[in-house]
Amino acid sequence: DQQVKQNSPSLSVQEGRISILNCDYTNSMFDYFLWYKKYPAEGPTFLISISSIKDKNEDGRFTVFLNKSAKHLSLHIVPSQPGDSAVYFCAASPTGKLIFGQGTTLQVKP
Amino acid sequence: EAGVAQSPRYKIIEKRQSVAFWCNPISGHATLYWYQQILGQGPKLLIQFQNNGVVDDSQLPKDRFSAERLKGVDSTLKIQPAKLEDSAVYLCASSSRDIASTDTQYFGPGTRLTVL
């Protein structure tokens, strides 16, 4: 039972354009969501998070949007840079543990 | 501040052998997690410790996997005997808050296990 889903395995965008990564979840009790970025041969690194009491959180080039009625969140990267090329995981956090999606591989082309 | 340390980085064993992984969390972090990440999937929680006590091990295959966190700092994860399907990256993470709060988890580089 996949409680957190990232339906796009990969995404390719041009440098300078917007990257939009999507994530859906099934459990309406989830109250905290995070995005992690992972480079090859490294562990995931925290990128940005959002609480269920908000619908938007912004940190520099990264913005996360939460639509609770649709059980959907998205990560926007503007402008995209080649160094953003990585695997992005969304995760939901019920009571401190993380439930991850399958990941989306982002490639930003120069 | 030093990050989460894990060793070894890579391990190749044959099925039915045993293997152990080590994790040293960020200093002062009370909560420690072990995750299994199979190729093409997201990390899946195996076990969560709060200090040296187990909080959640519902996803740990206890017939072959074991983990301990003596003195509430370092932790070891053991597989005995290993199966082919155990081939994965084993990630250790730590966080500073107690189990009732949500806080950022910091991950180590992982141990890539290949079972032949």
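Note: the structure precedes this text.
Residues numbered from 1 in each chain as written. Chains lettered and ligands numbered in written order. Predicted model: local features only at pLDDT ≥ 70, side-chain atom pairs only at ≥ 80, totals over all residues. Heavy atoms only, no water.

S.K.: Would you take a moment to explain the interface of chain B and chain A for this structure?
M.R.: Many analyses report the size of an interface as the accessible area lost when the parts associate. If you look at the interface, chain B gives 21 residues, while chain A gives 17 residues. Interface area, chain B with chain A, both sides summed: about 1,400 Å², of which 55% is carbon and sulfur. Summed over the shared surface of chain B and chain A, the number is 1 salt bridge. Among the salt bridges present, the one from A:K97 reaches B:D56, with a minimum N-O distance of 3.3 Å. Our enumeration of links across chain B and chain A arrives at 3 residue pairs in polar contact (both at pLDDT 80 or more). Put simply, the parts of the chain that give the side of chain B that touches chain A at least two residues each are β4 (31–37) and β5 (44–50) of chain B. When residues in the side of chain B that touches chain A are grouped by element, the largest group, 3 residues, is from β4(B). Across the side of chain B that touches chain A, the residue classes tally to 9 nonpolar, 10 polar and 2 charged. (Contact = heavy atoms within 4.5 Å. Buried area = accessible area lost by both parts, 1.4 Å probe. Salt bridge = Lys/Arg side-chain N within 4 Å of Asp/Glu carboxyl O. Polar contact = N/O pair within 3.5 Å; in protein donor to acceptor, adjacent residues only side chain to side chain. Helix = DSSP H or I, 4+ residues; strand = E, 2+ residues; numbered from the N terminus. Nonpolar A, V, L, I, M, F, W, Y, C, P; charged D, E, K, R; others polar.)

S.K.: Teacher, can you tell me more about the nonpolar core here?
M.R.: Soluble globular proteins: nonpolar side chains tend toward being buried together. Grouped together as the largest cluster of nonpolar side chains are 24 residues, with contacts concentrated most on A:V4, A:F33, A:W35, A:L73, A:L75 and A:Y88. Considering each element in turn, this core owes the most residues, 4 residues, to strand β9 (residues 86–92) of chain A. Look past the residues within four positions of A:F33 in its chain and what remains in contact with it is A:Y25, A:I48, A:S49, A:I50, A:L66, A:L73, A:A91 and A:A92. Counting 21 residues, the second largest nonpolar core, distinct from the first, contains B:V19, B:I47, B:L60 and B:A88. (Core = buried A, V, L, I, M, F, W, Y, C linked by side-chain atoms within 4.5 Å. Buried < 20%, exposed > 50% of the residue type's maximum accessible area, 1.4 Å probe, protein only.)

Nothing here speaks to function; it is all geometry.
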